Amino acid sequence: MAKPYSDALTADGPLLFVSGQVPAGPGGEAPGGIGEQTRQVFRNMEAVLAEHGVDLSHVVKMTYYLRHISDLEEFREALLACLPEGHLPAATLVEVGGLVDPTYLVEIDAIASLSRDRG
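Keep in mind the model is a prediction, meaning the values are calculated, not measured. (Residues numbered from 1 in each chain as written. Predicted model: local features only at pLDDT ≥ 70, side-chain atom pairs only at ≥ 80, totals over all residues. Heavy atoms only, no water.)

### A closer look at the environment of V41
Then comes step 1: Summarising the element assignment, V41 is placed in helix α1 (residues 34-51).
Then comes step 2: Its relative accessible area of 0% is what places V41 among the buried residues.
Then comes step 3: Taking the C-alpha atoms as reference points, V41 and I108, 67 residues apart in sequence, are found 7.1 Å from one another.
Then comes step 4: Sequence-distant contacts of V41, that is, excluding residues within four places in its chain, are made with Q21, V22, P23, V106 and I108. (Helix = DSSP H or I, 4+ residues; strand = E, 2+ residues; numbered from the N terminus. Buried < 20%, exposed > 50% of the residue type's maximum accessible area, 1.4 Å probe, protein only. Contact = heavy atoms within 4.5 Å.)

### Some remarks on the nonpolar core
As a rule of thumb, nonpolar side chains are buried together in soluble globular proteins.
Then comes step 1: Of all hydrophobic cores here, the largest spans 22 residues; its most connected members are F42, M45, L49, M62, F75 and I108.
Then comes step 2: At the level of elements, β1 (15-21), α1, β2 (59-66), α2 (72-82) and β4 (106-113) are the ones that each hand at least two residues to this core.
Then comes step 3: Ignoring anything within four residues of it in the chain, the contact list for I108 reads S19, G20, Q21, V41, F42, M45, M62, T63, Y64 and F75. (Core = buried A, V, L, I, M, F, W, Y, C linked by side-chain atoms within 4.5 Å.)

### Side note on the sheet that holds β1
Then comes step 1: Strand order in the open sheet made by the four strands is β1-β4-β2-β3, with mixed pairing throughout. Two strands close off the open sheet at either side, each with one partner strand: β1 and β3 (90-95). With strand direction ignored, the average angle separating the axes of adjacent strands in the sheet is 10°.
Then comes step 2: Where α1 meets the sheet, it contacts β1, β2 and β4, and its direction lies at approximately 30° from that of β4.
Then comes step 3: Contacting β2, β3 and β4, α2 runs over the sheet at an angle of about 150° to β2. (Pairing = 2+ DSSP bridges. Axes fitted to C-alpha atoms, helices over the stretch in contact; angles between N-to-C directions.)

Read these as geometric descriptors, not functional statements.
So, in structure tokens, the structure goes:
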């Protein structure tokens, strides 16, 4: 399987630091599985980025926090479906013992370049 990240990217400032996004939907509840939760996290991330006039193509670094490393394959499939085609931010993935809500399986934070060319 191809790796879903770049080894390194360059970025010009200013930079936008996006706090960890959790899989809570509009009603406050998280969907069931890791794939659905990952897609919800990305919907939440896209909303935050849009507030600042950018999108996922501006993200240069992400940190993924997974509750269960056994979810890695399904997480990667959802991740690659959510990222813009051909855009793979630098990334770190960490298995964690818990997140703020015990139903959460994933949390993601990001750094975006506000000046990054969308092309």
